[in-house]
Amino acid sequence: MLVLLEPDFAALSRQAARIVAGAVRSNPSVNLGLATGSTTLGMYAEIIRIYREGSLDFSDVTTFNLDEYLGIAPDHPQSFHFFMRENFFHHINIQPARTHIPDGMITGDYEEYCASYEQEIREAGGIDLQILGIGRNGHIGFNEPASSLASRTRLKVLTSETIEDNRKAFIPGEKIPECAITMGIGTIQDARRILILASGETKAEAVAQAIEGPITASVTASSLQLHPDVTFIIDEQAASRLKHKQYYRRVMEMTALLDEKPQR
Ligand code: GLP
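Calculation criteria
Residues numbered from 1 in each chain as written. Predicted model: local features only at pLDDT ≥ 70, side-chain atom pairs only at ≥ 80, totals over all residues. Heavy atoms only, no water. Helix = DSSP H or I, 4+ residues; strand = E, 2+ residues; numbered from the N terminus. Expected span 1.5 Å × (residues − 1). Contact = heavy atoms within 4.5 Å. Buried < 20%, exposed > 50% of the residue type's maximum accessible area, 1.4 Å probe, protein only. Pairing = 2+ DSSP bridges. Right-handed = clockwise from strand over helix to strand, strands pointing away. Near = heavy atom within 4 Å. Polar contact = N/O pair within 3.5 Å; in protein donor to acceptor, adjacent residues only side chain to side chain. Areas by Shrake-Rupley, 256 points an atom, 1.4 Å probe, with all protein chains shown as cover. 1 Å grid on protein atoms, 1.4 Å probe; cavity = no way out; pocket = protein on both sides within 12 Å on 5 of 7 lines; lining within 4 Å. Sits in = over half its atoms within 2 Å of the grid points. Phe/Tyr/Trp six-rings, centres within 6.5 Å; stacked < 30°, edge-to-face > 60°.

A. Structural view of helix α2 (residues 38–52). Between the first and last C-alpha of α2 there are 22 Å, a value that for 15 residues agrees with the 21 Å anticipated at 1.5 Å per step. Lining the buried residues of α2 we find α1 (9–26), β2 (31–34), α3 (80–87), β6 (129–132) and β9 (193–198). Remark: Gly54 follows α2 within two positions and exhibits a positive phi of approximately 100 degrees.

In structure tokens, the structure reads:
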């Protein structure tokens, strides 16, 4: 694992955008796994800024989003479809047909639908770079505590903590989704490279558990310890409970001096 400590949200967003832009430049037909959530907003804004400078081309890029609320239509302002259109896709030259987000309006055979989402990822050649945020309880995607660490895309019931966290985005009195379709931990583990972002004090405990705690289905982000190419990008507040912060800082300094691919 590589742990990059950034002073604040703006620096974290720039660093994440640099890595995504680098992935698109080195492979114009890269398959990106994308995430939603406020933590990713700065990164998307920065990628759009780089794109407008003229150095990025998304016309051959394919994307697969991690998750979507169940029962929320794509034009609902809190849907992840809406989030992606407003905050990213509408601002770059990506082909809409190359973007994939689980369908929150699916009814009937969920298993068959989720299997077809997995199939689409496989047919595209798998995900090259997966972006993740982290929930307060340490979830990635909507893989809540006790999710199988081998799970695939499926329907998940959200914890009351996650429902509460999501409530602030909805209009008071509006029905808050209690379920979502999410890539599984096994799906995420199949990505060739993973970038996970965390910002703010509210994420500090989840980040400490994910990086330095035991691998456990109770904190599904801890499963990333098993992946060979994971980069955590976290700001000072989110890093505040890490025990080995000084060491991560030294690795960053040495890596810059050696001008080498950072150790994982
Ligand atoms: C939701 C999403 C996650 C995201 C998390 C954190 O639970 N399913 O993918 O990482 O929110 O969101 P935020 O960045 O807004 O804190």
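B. Examining the pairing of strand β3 (residues 62–65) more closely. Going residue by residue along β3, you find Thr62 and Phe64 tucked away on one face and Thr63 and Asn65 tucked away on the opposite face as well. By the bridge criterion, 4 bridges tie β2 to β3 in an arrangement that is parallel. Its bridge partner lying in β3, Leu32 is registered against Thr63. Between the parallel elements β2 and β3, the chain passes through α2 in a crossover that is right-handed. Bridging between β3 and strand β5 (residues 99–100) involves 2 bridges; their strand directions are parallel. Its bridge partner being in β5, Thr63 is matched across the sheet by Thr99.

C. Spotlight on the site of the ligand. If you check the shell around the ligand, you find Gly37, Ser38, Thr39, Asp67, Gly133, Ile134, His139, Gly141, Phe142 and Lys203 and nothing else. The side chain of Ser38 places a nitrogen or oxygen atom 2.7 Å from an oxygen atom of the ligand. Within the side chain of His139, an N or O atom sits 2.7 Å from an oxygen atom of the ligand. Summarising the interface, the protein chains cover 85% of the accessible area of the ligand, which totals 400 Å² for the free molecule. Counting atoms within 2 Å of the grid points, the majority share of the ligand lands in the largest pocket.

D. Up close: the packing of aromatic side chains. Scanning the entire structure with this criterion turns up 11 aromatic pairs. A ring pair is formed by Phe64 and Tyr117, whose centres lie 6.0 Å apart and whose planes are at 80 degrees; its orientation type is edge-to-face. Residue Phe64 is located in strand β3, and its partner Tyr117 is located in helix α4 (residues 110–124); the two are separated by 53 residues in the primary sequence. A relative accessible area of 1% means that Tyr117 is categorised as buried. With a centroid separation of 5.9 Å and 40 degrees between ring planes, the pair formed by Phe88 and Phe89 is classed as tilted. One exposure class covers both Phe88 and Phe89, and it is buried. Put simply, the rings of Tyr44, Tyr51, Phe58, Phe83, Phe88 and Phe89 touch in pairs and so form one group of aromatic residues.

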